Amino acid sequence: MKRNIFTIFLDRIEDFPVWVKQIICLKLSEGIKAQVCEKFLEENSDEIFSLYVPILTFKGSEELKKRNVGLDANLYNFLSYCENGASVLEISLNTYLSMEEVAKYFILCVDSGLIEKPENIEIQAMAGFIAGKFRTGEYFAKKGLITDEQLAKAVSESSNSEKKFAEILVDMGFITQEDVSAMLAFKEESKKRFILDYNEVPKGESEFCTKEEMYKNEIDELRAENEKLKKKISQLLDIVKNYN
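Everything in this summary refers to the structure shown in the same document.

About the cut-offs
Residues numbered from 1 in each chain as written. Predicted model: local features only at pLDDT ≥ 70, side-chain atom pairs only at ≥ 80, totals over all residues. Heavy atoms only, no water. Helix = DSSP H or I, 4+ residues; strand = E, 2+ residues; numbered from the N terminus. Buried < 20%, exposed > 50% of the residue type's maximum accessible area, 1.4 Å probe, protein only. Contact = heavy atoms within 4.5 Å. Areas by Shrake-Rupley, 256 points an atom, 1.4 Å probe, with all protein chains shown as cover. Core = buried A, V, L, I, M, F, W, Y, C linked by side-chain atoms within 4.5 Å. Axes fitted to C-alpha atoms, helices over the stretch in contact; angles between N-to-C directions. Parallel < 35°, antiparallel > 145°, perpendicular 65-115°, else oblique. Left-handed = near helix turned anticlockwise from the far one by under 90°. Expected span 1.5 Å × (residues − 1). Phe/Tyr/Trp six-rings, centres within 6.5 Å; stacked < 30°, edge-to-face > 60°.

Focus on the overall build of the protein
Okay, so step 1: The helix and strand inventory of the protein stands at 13 helices and zero strands.
Okay, so step 2: Listing each helix as α and each strand as β along the protein from the N terminus yields α-α-α-α-α-α-α-α-α-α-α-α-α.
Okay, so step 3: The buried share of the protein, taken over its 244 residues, is 33%.
Okay, so step 4: Considering only residue pairs separated by 6 or more positions, the protein has 64% of its internal contacts joining residues 24 or more positions apart.
Okay, so step 5: Of the roughly 16,400 Å² that the protein leaves accessible, carbon and sulfur atoms contribute 53%.

Right, dumping it as structure tokens:
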């Protein structure tokens, strides 16, 4: 079941010359800065939700085998990928689900005790926020950017304000506008589906062809036509000879 298509995709890029990879890295860096801000470039690999590998609990393993509860087929499919050691990213690519949809299955399975609760608080916070379990304030509190006391103050302030909750947190100096922009951009991007066909990715190695090799088919066709013409001319000559 497990097809590490993203790994295959990365391996093919890895075959590219370093001067090509340098430009790819530069362009991607510029794109991330422009789209979801530079903050996401500072994330450690163990804090990125899409790279997290969900681990089945004993309960989850037994349910996958026996299917006593009668869960949704998509949930069993999700658990099956978890059993095979697939990351959140691989689950999304192989099932054609958006990151938001995968996050919802993830949170449901964590809450149901079917997969282990992540030790990393960033993973928990991001998954819950993408899935819609945590609101803005709860997300920043879970992530550790604000304290429970600061969250309570912001909630009290929001009761007398028409501003969005994130704006209130920024105005009170608890978080930065960059924190908000990154959070909102990532949540919006998580709604998109991404279908990767690694067969369309060009291989790193390429062959140099001479002009003769490039036009080999055309040359072969012309030669074949010449042979046909020779035969026809020969046949016509034989007819003329026989007639005379």
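What about the nonpolar core?
Side chains of a nonpolar character, in soluble globular proteins, are inclined to be buried together.
Okay, so step 1: One finds Phe 49, Phe 78, Leu 79, Phe 106, Ile 115 and Ile 146 to be the most contacted residues of the largest nonpolar core, which totals 44 residues.
Okay, so step 2: Sequence-distant contacts of Leu 79, that is, excluding residues within four places in its chain, are made with Leu 56, Gly 60, Leu 64, Leu 71, Cys 109, Leu 114 and Ile 115.

Details of the packing of helix 4 (residues 73–83) against helix 5 (residues 88–95)
Okay, so step 1: Contact pair helix 4 / helix 5: the axes reach a minimum separation of 10 Å and the direction vectors enclose 130°. On the basis of the axis angle, helix 4 is oblique to helix 5. Like other packed secondary-structure pairs, helix 4 and helix 5 cross with a definite hand, here right-handed. Residues Asn 77, Phe 78, Tyr 81 and Cys 82 of helix 4 lie in contact with helix 5, whose contacting residues are Ile 91, Asn 94 and Thr 95.

A few points about helix 11 (residues 177–189)
Okay, so step 1: Spanning 13 residues, helix 11 covers 18 Å between terminal C-alpha atoms, matching the ideal 18 Å at 1.5 Å per step.
Okay, so step 2: What helix 11 keeps buried is the set Asp 179, Val 180, Ala 182, Met 183 and Ala 185.

With respect to unusual backbone geometry
Okay, so step 1: In the Ramachandran plot, Arg 67 falls in the positive-phi region, its phi being about 55° despite a non-glycine side chain.
Okay, so step 2: Residue position: Arg 67 is located in the loop between helix 3 (58–66) and helix 4.
Okay, so step 3: Taking relative accessible area as the criterion, Arg 67 reaches 45% and is therefore assigned partly exposed.

Quick notes on the environment of Leu 151
Okay, so step 1: Tracing the chain through its elements places Leu 151 in helix 9 (residues 148–158).
Okay, so step 2: Note on Leu 151: relative accessible area 17%, which makes it buried.
Okay, so step 3: Separated by 13 residues in sequence, Leu 151 and Glu 138 place their C-alpha atoms 7.8 Å apart.
Okay, so step 4: Each residue touching Leu 151, except ones within four places of it in the same chain, is listed here: Gly 137, Glu 138, Ala 141, Ile 146 and Phe 165.

Details of the side chain of Ser 98
Okay, so step 1: Inspection of the secondary structure puts Ser 98 in the loop between helix 5 and helix 6 (99–111).
Okay, so step 2: Residue Ser 98 is classed as buried on the basis of its relative accessible area of 2%.
Okay, so step 3: In this view, Ser 98 contacts Ser 92, Ser 190, Lys 191, Lys 192 and Arg 193; residues no more than four positions away in its chain are not counted.

Regarding the packing of aromatic side chains
Okay, so step 1: According to the stated counting rule, one finds five aromatic pairs in the structure shown.
Okay, so step 2: On the basis of an interplanar angle of 85° and a centroid distance of 5.9 Å, the ring pair of Tyr 52 and Phe 106 is categorised as edge-to-face. With Tyr 52 in the loop between helix 2 (18–36) and helix 3 and Phe 106 in helix 6, this pair connects stretches of sequence that are 54 residues apart.
Okay, so step 3: Judged by relative accessible area, which is 1%, Phe 106 ranks as buried.

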